[in-house]
Amino acid sequence: MSKLHEAFAEAKAENRAALIGYLPAGFPTVPGAIDAITAMVENGVDIVEIGLPYSDPLMDGPTIQAAVDQSLRQGTTIRDVLETVRAVALTGAPTLVMSYWNPIERFGVDAFAGELAAAGGTGVITPDLTPEEAGDWIAASDAAGIDRVFLVAPSSTLGRIEIVSSMTTGFLYAASLMGVTGVQSVSQAAPALVERSRPYAKVPIAVGLGVSTAEQAAQVATYADGVIVGSAFVRLLLDAATPAQGVAAVGKLAAELAVGVRRTA
Amino acid sequence: MRTDITGDLREATEALQSWNAQFPDVAGHFGRYGGRFVPEALIVALDELDAAFRAAKVDPEFQAELAHLHATYTGRPSPVTECHRFGEVAGGARVFLKREDLNHTGSHKINNVLGQALLTVRMGKKRVIAETGAGQHGVATATAAALFGLECVVYMGEEDTRRQALNVARMKLLGAQVVPVTAGSRTLKDAMNEAMRDWVTNVDSTHYIIGTVAGPAPFPEMVREFHRIIGVESRAQMLELTGRLPDAVTACVGGGSNAIGIFSGFVDDADVKLYGFEAGGDGVETGRHASAITGGSVGVLHGQRSYVLQDEDGQTVESHSISAGLDYPGVGPEHAWLADSGRATYIAVTDTEAMEAFRVLCRTEGIIPAIETAHALAGTIELGRELGPDAIILVNCSGRGDKDVETASRWFGIMDGERAPEGRA
């Protein structure tokens, strides 16, 4: 059983949802991001998503755009992302990379899968790659033994959900709303999407987009296997007066969210 | 019976040999290019659009409605003008312009926009969004939105709103909301990102009218089909005017919609050479350019695989061109495939070369072209000198230069009665 499966299984054994935290690599700096992600893990985040900064983040709202823009201006490279994975994986938390497709294709699909696995990464979430265009990626991720996470959205038809569910591994990422990251509300569409996906999903279903508070995490945890929080963490780092304060704030939010996913509704 | 079957077979074989029928494939691929690289949330909308487009393509009522609009609103067919004095500069070749600059709103962009606006109405959507660089596509979209009573929001890089202030005013006069985009390089690429974000958020009510032959399938094919009228008309016009097909057809290429429009009429005529002129900015060797095919590499941007300007980590590199409409780090996937297959040739033209050709057309023909179009004219001058006096060259005159008067005046130093600097005007 992979580390990712174990994390979901452990959460399930505790009758709760797994908490998944996202932060981009290289923000506010490469070591600063590692510190912040480590603080997330130490305070109850079960699974980590490390964002690979990309120049054209179509799925991201202003908060994550601002952070990755700063990260790129400071010169963060794919090598830095892999180093971040290596450092974070040492915490023991399953560590995935969230990346738009072009950087992976440019790096080399097989090379990226192989190097990520070698760095201790457990999988990749690809928000702009659907199974139809993923032939090379499916082969490469299988060969490297890492998970490939695809997304479903409120607009997905049952036919689409079936296709995506058959190709995703690790978990199924259910985007809670039609829109970009950083919207601070979970849409009514989320529970319905999870319900529609259940019959097809062979892996746990995690809900992302719009979750920023313990209250929302608790609510999503009533119907999903995992709760994904991203922009809320990024916002704390953006707003922090010093890097140390940012790390402390991230740790505090992680602790609150960890209580949230354990609250029995 | 036998002859019927033979006839059917011949027709089928011809269809297979026809470039336009062969590409893209059912999944929107032109060879290894094109496809769909978008968030899952958009897939259903793209499928819906694809279905609406395919239904409209074979619906005589839709085609009649669009043809009527083109005849009574756009001003089609646009004429073809022979440019004798310009031809003298181009090595004495016979140069003909397909006058898309004479269309309503001043460029070829209206062809695509009217088609997509009709589709929007058919799909029952009430709001359209668009990205724009030079503002020509934004103006065309705002125009169609006014005509059909649709709400219209146009995303435009903040840098471009400054370069193309006149078109911003035109869009506002037409009732559109213009949103200046301050992310990234503040140009066309970033406007497209922002439009995509709007679309994924409002896809139930909104159609995204992409202005070029790029983006996820079915956009590259659909936009080509709406611009194919340029090629179809001009092929017939050239036969009428000269009694034969041209030796070469030329166009400027940013995303590549005007080029695909005119190329599509000649792509199956093996003896007609196709030339796309990319924006070379300060020169491809300087790194400050917008020549995705000449100076880029294969990558995925804005929902499709094509040539893009990118660094070794796959981060998009900012493009540079005096022409806002060509200032884009990618190119439509069909151009990438036309280039790889050798059917079309792509050459970079610098800012300086383009502005020289701009000046020449103004002075020799009394036509002020768009700076985008001036890139095609510059390439044509070189090509004419190569091919010689017997050659016939058809240039897609994709837009008029009213919007560029300020930029050109500054370039030639003729603002406030200044004298033009040596070697410029």
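Each value, and the rule that gives it
- Residues numbered from 1 in each chain as written.
- Chains lettered and ligands numbered in written order.
- Predicted model: local features only at pLDDT ≥ 70, side-chain atom pairs only at ≥ 80, totals over all residues.
- Heavy atoms only, no water.
- Contact = heavy atoms within 4.5 Å.
- Buried area = accessible area lost by both parts, 1.4 Å probe.
- Salt bridge = Lys/Arg side-chain N within 4 Å of Asp/Glu carboxyl O.
- Helix = DSSP H or I, 4+ residues; strand = E, 2+ residues; numbered from the N terminus.
- Expected span 1.5 Å × (residues − 1).
- Buried < 20%, exposed > 50% of the residue type's maximum accessible area, 1.4 Å probe, protein only.
- Pairing = 2+ DSSP bridges.
- Axes fitted to C-alpha atoms, helices over the stretch in contact; angles between N-to-C directions.
- 1 Å grid on protein atoms, 1.4 Å probe; cavity = no way out; pocket = protein on both sides within 12 Å on 5 of 7 lines; lining within 4 Å.
- Points joined across faces, edges and corners; volume = space filled by probe spheres on them.
- Nonpolar A, V, L, I, M, F, W, Y, C, P; charged D, E, K, R; others polar.
- Domains from an automatic or database assignment.
- Disulfide = S-S within 2.5 Å.
- Parallel < 35°, antiparallel > 145°, perpendicular 65-115°, else oblique.
- Left-handed = near helix turned anticlockwise from the far one by under 90°.

A.B. asks: I'd love a proper account of the interface of chain B and chain A, names of residues and values included.
C.D. replies: A common measure of how large an interface is: the accessible area buried when the components associate. Between chain B and chain A, the residue contacts involve 32 residues of the former and 34 residues of the latter. Summed over both partners, the interface of chain B with chain A buries about 2,800 Å², with 48% contributed by carbon and sulfur atoms. Among the residues of chain B in contact with chain A, Glu40(B), Arg197(B) and Asp313(B) are the three that bury the most area, contributing 24% of the side total. Counting across the chain B and chain A interface gives three salt bridges. With a closest N to O distance of 2.7 Å, Arg305(B) and Glu105(A) form a salt bridge.

A.B. asks: Describe helix 10 (residues 188-202) of chain B, with residues and values.
C.D. replies: All names here are of chain B. Between its first and last C-alpha, helix 10 extends 21 Å over 15 residues, near the 21 Å set by a 1.5 Å rise per residue. With 12 of 15 residues buried, helix 10 is to be regarded as a mostly interior element. Of all the positions in helix 10, only Leu 188, Lys 189, Asp 190, Ala 191, Met 192, Asn 193, Ala 195, Met 196, Arg 197, Asp 198, Trp 199 and Val 200 are classed as buried.

A.B. asks: Before we move on, can you summarise the environment of Thr242(A) with the specific residues and values?
C.D. replies: Along the chain, Thr242(A) turns up in the loop between helix 11 (231-239) and helix 12 (243-262). Taking C-alpha positions, Thr242(A) is 37 Å from Asn15(A), a pair spaced 227 residues apart along the chain.

A.B. asks: Go over the sheet that holds strand 8 (residues 206-208) of chain B, please, and point to the residues and values.
C.D. replies: All names here are of chain B. The four strands are arranged 7-6-5-8 in an open sheet whose pairing can be described as parallel. The open sheet is flanked by strand 7 (177-181) and strand 8, the only strands paired with a single partner. Direction aside, neighbouring strands of the sheet carry axes that sit 20° apart on average. Direction of pairing for strand 5 (residues 127-132) relative to strand 6 (residues 151-157): parallel, over a ladder of six bridges.

A.B. asks: I'd love a proper account of the layout of surface pockets, names of residues and values included.
C.D. replies: Put simply, the largest pocket is a space of about 360 Å³. As for the largest pocket, its lining consists of 20 residues, of which Ser55(A), Asp69(A), Gly184(B), Ser185(B) and Lys189(B) are closest to the centre. For the lining of the largest pocket, the secondary structure elements donating two or more residues are helix 3 (62-73) of chain A together with helix 10 of chain B. It is helix 3 of chain A that contributes the most residues to the lining of the largest pocket, six residues altogether. Along the lines of polarity and charge, the residues of the lining of the largest pocket split into six nonpolar, eight polar and six charged. When residues of the lining of the largest pocket are assigned to domains, at least three map to each of domain 1 (30-73 + 109-219) and domain 2 (80-106 + 220-417) of chain B.

A.B. asks: A description of the sheet that holds strand 8 (residues 205-208) of chain A should follow, citing residues and the corresponding values.
C.D. replies: Residues and elements named next belong to chain A. Taken in spatial order, the nine strands line up as 5-4-3-2-1-9-8-7-6 in an open sheet, and their pairing is parallel. In the strand order of this sheet, the two ends are held by strand 5 (147-149) and strand 6 (151-152), each with one partner. Note: strand 2 (residues 47-51) against strand 3 (residues 95-98), four bridges, orientation parallel. Residue pairing in the sheet places Gly 51 in a bridge with Met 98 of strand 3.

A.B. asks: So what's going on with the state of the cysteines? Which residues, and what values?
C.D. replies: All names here are of chain B. By the definition in use, this model includes zero disulfides over all chains. Cys 362 takes part in no disulfide bond, and the closest cysteine sulfur to it belongs to Cys 397, at a distance of 10 Å. According to the relative accessible area criterion, Cys 362 is partly exposed, its value standing at 24%.

A.B. asks: Can you break down the packing of helix 2 (residues 30-42) of chain A against helix 4 (residues 78-89) of chain A residue by residue, with the values?
C.D. replies: All names here are of chain A. Contact pair helix 2 / helix 4: the axes reach a minimum separation of 10 Å and the direction vectors enclose 30°. By the criterion of interaxial angle, the relationship of helix 2 to helix 4 is roughly parallel. For the pair helix 2 and helix 4, the crossing hand works out as right-handed. When helix 2 is examined against helix 4, the residues Val 30, Ile 34 and Ile 37 are found in contact with a partner set consisting of Asp 80, Thr 84, Ala 87 and Val 88. Class assignment of the residues belonging to the contact of helix 2 with helix 4 gives a composition of five nonpolar, one polar and one charged.

A.B. asks: Give a description of unusual backbone geometry that names residues and reports values.
C.D. replies: With omega at 0°, the peptide bond leading from Phe27(A) into Pro28(A) counts as cis. A cis amide bond, omega -5°, links Arg76(B) with the succeeding residue Pro77(B). Take Pro77(B): it is sitting in the loop between helix 4 (60-74) and strand 3 (80-82). Look at Asn15(A): it is not a glycine, yet its phi comes out positive at around 60°. With respect to the helices and strands, Asn15(A) occurs in the loop between helix 1 (3-13) and strand 1 (18-24).

A.B. asks: So what's going on with helix 7 (residues 135-144) of chain A? Which residues, and what values?
C.D. replies: Three or four residues apart is the spacing at which side chains of an α-helix point the same way, because the helix has 3.6 residues per turn. Those residues of helix 7 of chain A not exposed but buried are Trp137(A), Ile138(A), Ala140(A) and Ser141(A). As for helix 7 of chain A, its buried residues are in contact with helix 5 (101-107), helix 6 (109-118), strand 4 (123-125), strand 5 and helix 8 (158-167) of chain A.

A.B. asks: Outline the pattern of salt bridges, listing residues and values.
C.D. replies: All names here are of chain A. In the structure shown here, the tally under the stated rule is 44 salt bridges over all chains. Between Arg 263 and Glu 215 there is a salt bridge; the shortest N-O distance is 3.1 Å. Placement of the pair is Arg 263 in the segment after helix 12 and Glu 215 in helix 10 (residues 214-221), with a sequence separation of 48 residues. Accessibility expressed as a relative area gives 38% for Arg 263, which makes it partly exposed. The exposed category is assigned to Glu 215, whose relative accessible area is 54%. Put simply, Glu 256 and Lys 252 hold a salt bridge, and the shortest N to O gap is 3.2 Å. Pair noted here: Glu 256 and Lys 252 are both in helix 12, with a separation of four residues, about one helical turn. A relative accessible area of 35% places Glu 256 in the partly exposed class. Three or more residues are tied together by salt bridges with common partners; here these are Glu 14, Arg 16, Asp 46 and Arg 262.

A.B. asks: Tell me what's going on with the environment of Thr105(B), and back it up with residues and numbers.
C.D. replies: Residues and elements named next belong to chain B. In this fold, Thr 105 is placed in the loop between strand 4 (94-99) and helix 6 (109-122). A relative accessible area of 5% places Thr 105 in the buried class. The spacing of Thr 105 and Val 213 is 108 residues in sequence and 19 Å in space, taken between C-alpha atoms. Aside from chain neighbours lying at most four places away, what touches Thr 105 is Ile 110, Gln 136, Val 139, Ala 140, Thr 143, Arg 170 and Arg 400.

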